[in-house]
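Descriptive analysis of the structure
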Amino acid sequence: MSTRRYVRLGAGLALFGASIALMVRAGLGLDSWDVLHQGLAERTGLPLGLIINGTALLVLLAWIPLRQRPGIGTIANVALVGLAAQVSLAVLPTPHHLAVRVGLLAAAIVLNAFATALYIGAGLGPGPRDGLMTGLAARGHSIRAVRTAIELAVLALGWLLGGTVGAGTLLYAVSIGPLVQFFLTKIGAPHAHSQRDPGQHPTRPGRRADRALVRTDRA
């Protein structure tokens with residue numbers, strides 16, 4: 001494997017964590033999983049970064065009955081995204097002017113999409129949440145139905161726990177897919193879909209999962 005792929009993976013995950021922190025500081029709504037993360041953090045008093053990593057680890061355990069196999073990118077996702085988010089939160093101020101908050105939200109969504117394209121383009125294994133989605137879909141369900149069910153369930157739980165749901169949640173939902181696709185074409189990541197994850201058995205839906213990630217991404 002080339003060094004460039006590892007650099008792309010690390011940069012993508014670090015920027016993904018930073019994009020989460022930007023959305024938190026904007027205070028205008030988070031994506032479904034981060035609504036859950038924030039709600040858990042507020043209920044438990046634990047740092048957001050620790051909650052993100054802990055949730056990823058728990059989701060990874062759900063891969064076992066689904067017979068999904070993690071790759072290097074999967075492990076790096078668990079280790080790095082929460083850390084990057086926590087470090088970013090430590091240095092980012094909390095803005096109060098609405099125009100600044102809107103700007104942070106827009107920057108967060110664009111950065112999130114760019115980071116996702118970098119991470120997926122590395123082709124080193126799906127994130128825990130994406131692997132859960134593709135593992136369930138491989139059992140005869142459509143990607144769209146599985147993704148929607150997971151997102152709605154996570155969003156509802158996060159909202160009940162006190163996570164921030166707002167205009168940013170909707171904006172993220174409608175814009176992240178097209179933005180990820182745009183950045184994937186711009187940064188040149190087609191190779192990620194032609195190479196099977198080393199952890200994938202030849203009979204497992206590795207390439208189908210990769211294509212699904214391009215369409216439905218969430219690191």
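Since the model is a prediction, treat every value here as computed from it, not as a measurement.

1. Quick word on the overall build of the protein
Of the regular secondary structure elements, the protein holds 10 helices and zero strands. In the protein, the succession of α and β elements from N to C terminus is α-α-α-α-α-α-α-α-α-α. Burial analysis of the protein (219 residues in total) assigns 53% to the buried set. Taking the contacts inside the protein whose residues are at least 6 apart along the sequence as the reference set, 83% of them involve residues at least 24 apart.

2. Quick word on unusual backbone geometry
A positive phi is found at Arg67, a non-glycine position, where the angle reads about 60°. Mapped onto the secondary structure, Arg67 falls in the loop between helix 4 (63-66) and helix 5 (72-91).

3. Some remarks on a nonpolar patch on the surface
A cluster of nonpolar side chains, Leu58, Leu61 and Ile64, forms an exposed patch at the surface whose accessible area comes to about 340 Å². For Leu61, the location among the structural elements is in helix 3 (residues 48-61).

4. A short note on helix 6 (residues 98-122)
Because each turn of an α-helix spans 3.6 residues, side chains separated by three or four positions end up pointing in the same direction. Taking 1.5 Å per residue, 25 residues should reach 36 Å; helix 6 reaches 36 Å between its end C-alpha atoms and fits that length. Looking one or two residues past helix 6, Gly123 carries a phi angle of roughly 60°, positive in sign.

5. Quick look at the packing of aromatic side chains
One pass over the full model with this rule turns up two aromatic pairs. Note on Phe114 and Phe183: the rings are 5.4 Å apart at their centroids and 75° apart in plane angle, and the pair reads as edge-to-face. In this pair, Phe114 sits in helix 6 while Phe183 sits in helix 9 (residues 167-187), placing the two residues 69 residues apart along the sequence. The rings of Phe114, Phe182 and Phe183 are connected pair by pair, giving a single aromatic cluster. The cationic tip of Arg129 hangs over the ring face of Trp33; the distance from NZ or CZ to the ring centre is 5.2 Å.

6. Description of the nonpolar core
Soluble globular proteins tend to pack their nonpolar side chains together in the buried interior. Core analysis: the largest hydrophobic core is formed by 38 residues, its most contacted members being Leu9, Ile20 and Leu48. Of all the elements in the fold, those that place two or more residues in this core are helix 1 (3-26), helix 2 (32-44), helix 3, helix 5, helix 6 and helix 9. It is helix 6 that contributes the most residues to this core, 11 residues altogether. In contact with Ile20, not counting residues within four places along its chain, are Asp34, Leu48, Ile52, Val81 and Ala85.

7. Observations concerning the packing of helix 1 against helix 5
Helix-helix packing is described using two parameters, namely the angle between the two axes and the distance between the axes. Closest axis-to-axis distance for the helix 1/helix 5 pair is 7 Å, and the angle between their directions is 40°. Judged on the interaxial angle alone, helix 5 and helix 1 are oblique. Viewed along their axes, helix 1 and helix 5 form a crossing whose handedness is right-handed. Between helix 1 and helix 5, the residues in contact are Tyr6, Leu9, Leu13, Ala14, Phe16, Gly17, Ala18, Ile20, Ala21, Val24 and Arg25 and Ile72, Gly73, Ala76, Asn77, Leu80, Val81, Ala84, Ala85, Ser88 and Leu89, respectively. Class assignment for the residues of the contact of helix 1 with helix 5 results in 16 nonpolar, four polar and one charged.

8. A few points about the environment of Val91
With respect to the element layout, Val91 can be found in helix 5. With a relative accessible area of 65%, Val91 lands in the exposed category. Sequence separation between Val91 and Ala21 is 70 residues, and the spatial gap between their C-alpha atoms is 9.7 Å.

9. Description of the packing of helix 3 against helix 5
In the contact formed by helix 3 and helix 5, the axes pass within 7 Å of each other and the chain directions differ by 165°. Viewed along their axes, helix 3 and helix 5 adopt a mutual orientation that is roughly antiparallel. Classified by chirality, the crossing of helix 5 by helix 3 is right-handed. Each of Leu48, Gly49, Leu50, Ile52, Asn53, Ala56, Leu57 and Leu60 in helix 3 lies in contact with helix 5, whose residues at this interface are Thr74, Asn77, Val78, Ala79, Val81, Gly82, Leu83, Ala85, Gln86 and Leu89.

10. Overview of the confidence of the model for the protein
Residues at a pLDDT of 70 or more form 84% of the protein, whose mean pLDDT is 83. Predicted confidence for residues 190-219 stays below pLDDT 50, and this span has 63 contacts to residues more than four positions away or in other chains.

The rules behind each value
- Residues numbered from 1 in each chain as written.
- Predicted model: local features only at pLDDT ≥ 70, side-chain atom pairs only at ≥ 80, totals over all residues.
- Heavy atoms only, no water.
- Helix = DSSP H or I, 4+ residues; strand = E, 2+ residues; numbered from the N terminus.
- Buried < 20%, exposed > 50% of the residue type's maximum accessible area, 1.4 Å probe, protein only.
- Contact = heavy atoms within 4.5 Å.
- Patch = residues over 30% accessible without salt bridge, like charges linked within 9 Å, V, L, I, M, F, W, Y side chains within 5 Å.
- Areas by Shrake-Rupley, 256 points an atom, 1.4 Å probe, with all protein chains shown as cover.
- Salt bridge = Lys/Arg side-chain N within 4 Å of Asp/Glu carboxyl O.
- Expected span 1.5 Å × (residues − 1).
- Phe/Tyr/Trp six-rings, centres within 6.5 Å; stacked < 30°, edge-to-face > 60°.
- Lys NZ or Arg CZ within 6 Å of the ring centre and 35° of its normal.
- Core = buried A, V, L, I, M, F, W, Y, C linked by side-chain atoms within 4.5 Å.
- Axes fitted to C-alpha atoms, helices over the stretch in contact; angles between N-to-C directions.
- Parallel < 35°, antiparallel > 145°, perpendicular 65-115°, else oblique.
- Left-handed = near helix turned anticlockwise from the far one by under 90°.
- Nonpolar A, V, L, I, M, F, W, Y, C, P; charged D, E, K, R; others polar.
- pLDDT = per-residue confidence, 0-100.

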